[in-house]
Amino acid sequence: VEKWNTILVELQQEKPIQYITGEAWFYGLRFEVNENTLIPRPETEELVEFILKETSNFQLPASSLNILDIGTGTGCIPISLKANLPQANVSAIDVSEKALEVAKRNAASNQVDIHFIQTNILEVEDLSQLGTSNFQLPASIDIIVSNPPYVRNLEKQEIKKNVLDYEPHLALFVEDTDALLFYRKIAQLAIKNLSPNGLLFFEINQYLGNETVELLQNLGFKNIELKKDIYGNDRMVKCSI
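Residues numbered from 1 in each chain as written. Predicted model: local features only at pLDDT ≥ 70, side-chain atom pairs only at ≥ 80, totals over all residues. Heavy atoms only, no water.

(A) Representation of the sheet that holds strand E3 (residues 66-70) in the model. Pairing is mixed across the open sheet formed by seven strands, whose spatial order is E5-E4-E3-E8-E11-E13-E12. Lying at the two open borders of the sheet, with one neighbouring strand each, are strand E5 (115-118) and strand E12 (222-228). Strand-to-strand, the axes of this sheet are offset by a mean angle of 15°, without reference to chain direction. Pairing of strand E11 (residues 194-203) with strand E13 (residues 234-240) involves five bridges; the strand directions are antiparallel. Bridge pairing links Phe202 to Val237 in E13. (Pairing = 2+ DSSP bridges. Helix = DSSP H or I, 4+ residues; strand = E, 2+ residues; numbered from the N terminus. Axes fitted to C-alpha atoms, helices over the stretch in contact; angles between N-to-C directions.)

(B) Main features of helix H5 (residues 97-109). Taking 1.5 Å as the rise per residue, H5 with 13 residues should run 18 Å; its terminal C-alpha atoms sit 19 Å apart, in good agreement. Within H5, the full set of buried residues consists of Ala99, Leu100, Val102, Ala103, Asn106 and Ala107. In an axial view of H5, the angular spread of the buried residues amounts to 160°, which keeps them on one side of the axis. Exposed and facing more than 90 degrees away from the buried side of H5 are Lys98 and Ala108. (Expected span 1.5 Å × (residues − 1). Buried < 20%, exposed > 50% of the residue type's maximum accessible area, 1.4 Å probe, protein only. Arc of directions from axis to C-beta.)

(C) Seen up close, the side chain of Asp69. With respect to the helices and strands, Asp69 occurs in strand E3. At 14 Å, Arg41 is the nearest oppositely charged side chain to Asp69, a buried residue that forms no salt bridge. At 2.8 Å, the side chain of Asp69 forms a polar contact with the side chain of Thr72. With residues near it in sequence (within four places) discarded, Asp69 still touches Ile77, Pro78, Ser91, Ala92, Ile93, Val145 and Ser146. (Lys, Arg positive; Asp, Glu negative; His and termini not counted. Salt bridge = Lys/Arg side-chain N within 4 Å of Asp/Glu carboxyl O. Polar contact = N/O pair within 3.5 Å; in protein donor to acceptor, adjacent residues only side chain to side chain. Contact = heavy atoms within 4.5 Å.)

(D) Summary view of the packing of aromatic side chains. Under the counting rule described, the total for this entry stands at three aromatic pairs. For the ring pair Phe26 and Phe31, a centre distance of 6.1 Å and an interplane angle of 85° mean the geometry is edge-to-face. There is no split in this pair, since Phe26 and Phe31 are both buried. Both rings, one in Phe50 and one in Phe201, keep their centres 5.4 Å apart while their planes meet at 85°; by these two values the pair is edge-to-face. (Phe/Tyr/Trp six-rings, centres within 6.5 Å; stacked < 30°, edge-to-face > 60°.)

(E) View of the pattern of salt bridges. On inspection of all chains with the given rule, the structure shows nine salt bridges. A salt bridge links Asp178 to Arg184; the shortest N-O distance between them is 2.9 Å. Salt bridges linked by common partners bring Glu54, Glu225 and Lys238 together as one network.

(F) Highlighting a nonpolar patch on the surface. Among the surface-exposed residues, Trp4, Leu8, Leu11 and Ile17 lie close enough to one another that they form a single nonpolar patch of about 390 Å² accessible area. Broken down by element, the nonpolar patch gets its largest block of residues, three residues, from helix H1 (residues 2-12). Residue position: Ile17 is located in helix H2 (residues 17-21). (Patch = residues over 30% accessible without salt bridge, like charges linked within 9 Å, V, L, I, M, F, W, Y side chains within 5 Å. Areas by Shrake-Rupley, 256 points an atom, 1.4 Å probe, with all protein chains shown as cover.)

(G) Focus on the pairing of strand E2 (residues 29-32). Pairing geometry for strand E1 (residues 23-26) and E2, over four bridges, is antiparallel. Counted as the bridge partner of Glu23 is Glu32 from E2. Hairpin connection between E1 and E2: a loop of two residues separates the two successive antiparallel strands, and Tyr27 in this loop has a positive phi of roughly 50°.

Put into structure tokens, the structure is as follows:
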């Protein structure tokens, strides 16, 4: 009863149920979540589904498929991809040491092998320079995916209390003056490090679909596909070099 009453108080304060229970389900897998990670969303499950569908068209053998997730948080994207593409080589980057601790535990609990790297992607000049003591990112990556911070400060008024008061702002918000900062940087890195037939995937701000497409066009990307989520909002982009 005491535990029940404590949970009721937290719910009345609009604390997300996932933070109360310490877990969330994503693409059929259980993930630990805490205040250092965003709660995985259904829209991001759609992004994973989109990637898996596209990988079925790859000519490469699965064992040589190199996948990188940038801004991994709980690790939900790379862990789900690895669970469904067990022969692929999957790596993930995050700036937050505490988020990576959660992601590593999630990889272990879901029994998949992911290479995790802590770095600030905005300070990286070439992805192939990144690695750990026992792992180096390959010079050529087949799939780069990112769900980076994309909510502008001007949109905070739309954000509900359960998100604004509890989820990490580092993973959510960007300055109004440069809302596509992470997309530009990651796309520039993709130009250097994507394999010839490689694909770049983004989850995007629903209000900036056309702007994101224009950015990618200006950088020389081809076959750009803007895709809506289950709610009818522009939410995903796929492109190639």
